[in-house]
Amino acid sequence: MYYAIMAEDAPGTHDKRMAARPDHLARLEELKQQGRLLIAGPHPAIDSEDSGPAGFTGSLVVAEFTSLEDAKAWSDADPYISAGVYQKVTVKPYKKVLP
């Protein structure tokens, strides 16, 4: 089943986000290679493709896991957690309907 991992950044953590980004992306790439990643990306802090110095307010990952507990465990191990970027993470089951 798919699970939505919705994370909110703590204020003022753009530099921490950029430092932890390579490790964060490597984990997403692993899910992609396993055919389990539906979508992933950050939420720009401003209404623009390039948020520049405004940075981001959080992230969304929708991926396949065997259970809610597994999705939470994967989320808890995210480099953005250990770097102090995320201040809140919500993990919920997700049902893909379209397309």
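The shown structure was predicted, so the numbers you read here are calculated from the model rather than taken from an experiment.

(A) A look at the packing of aromatic side chains. Within the structure shown, the criterion is met by three aromatic pairs. Seen in terms of ring centroids, Tyr-80 and Tyr-86 are 5.4 Å apart; in terms of plane orientation they differ by 85°. Their pairing is edge-to-face. Summarising the burial analysis for this pair, Tyr-80 and Tyr-86 share the class buried. What links up through ring pairs into an aromatic cluster is the set Tyr-3, Phe-65 and Trp-74. Across the ring face of Trp-74, the terminal group of Arg-27 is positioned such that the distance to the ring centre comes to 4.0 Å.

(B) Representation of helix α1 (residues 14-33) within the structure. With 20 residues, α1 ought to run about 28 Å at 1.5 Å a step, and its terminal C-alpha atoms sit 27 Å apart, in line with that. Where α1 bends most, the angle comes to about 50°, and this point is Arg-21, followed within four residues by the proline Pro-22. All buried positions along α1 are accounted for by Arg-17, Ala-20, His-24, Arg-27, Leu-28 and Leu-31. Backbone geometry just after α1 places Gly-35 at a positive phi near 75°.

(C) Representation of the sheet that holds strand β2 (residues 37-44) in the model. Reading across from one edge, β2-β3-β1-β4 is the order of the four strands in this open sheet, with antiparallel pairing throughout. Two strands bound the open sheet, and with one partner strand each, they are β2 and β4 (86-94). The mean angle between the axes of side-by-side strands here comes to 10°, regardless of whether they run parallel or antiparallel. Pairing geometry for strand β1 (residues 2-9) and strand β3 (residues 56-64), over seven bridges, is antiparallel. Among the inter-strand pairings, Ala-4 is bridged to a residue of β3, identified as Val-62. Along the sheet, helix α2 (residues 68-76) makes contact with β1, β3 and β4, crossing β4 at roughly 155°.

(D) Region of the structure containing the nonpolar core. Core analysis: the largest hydrophobic core is formed by ten residues, namely Tyr-3, Ile-5, Leu-28, Leu-31, Val-61, Ala-63, Phe-65, Ala-71, Trp-74 and Val-91. At the level of elements, β1, α1, β3 and α2 are the ones that each hand at least two residues to this core. Counting five residues, the second largest nonpolar core, distinct from the first, contains Ala-7, Tyr-80, Val-85 and Tyr-86.

(E) Representation of the environment of Ala-54 within the structure. Along the chain, the position of Ala-54 falls in the loop between β2 and β3. On the accessibility criterion, Ala-54 (40% relative accessible area) is partly exposed. Residues Ala-54 and Leu-68 lie 14 residues apart in sequence; the distance between their C-alpha atoms is 33 Å. Setting aside residues no more than four positions away along its own chain, Ala-54 makes contact with Ala-45 and Ile-46.

Rules behind the numbers
- Residues numbered from 1 in each chain as written.
- Predicted model: local features only at pLDDT ≥ 70, side-chain atom pairs only at ≥ 80, totals over all residues.
- Heavy atoms only, no water.
- Phe/Tyr/Trp six-rings, centres within 6.5 Å; stacked < 30°, edge-to-face > 60°.
- Buried < 20%, exposed > 50% of the residue type's maximum accessible area, 1.4 Å probe, protein only.
- Lys NZ or Arg CZ within 6 Å of the ring centre and 35° of its normal.
- Helix = DSSP H or I, 4+ residues; strand = E, 2+ residues; numbered from the N terminus.
- Expected span 1.5 Å × (residues − 1).
- Bend = angle between axes of the 7 residues up to and from the residue.
- Pairing = 2+ DSSP bridges.
- Axes fitted to C-alpha atoms, helices over the stretch in contact; angles between N-to-C directions.
- Contact = heavy atoms within 4.5 Å.
- Core = buried A, V, L, I, M, F, W, Y, C linked by side-chain atoms within 4.5 Å.

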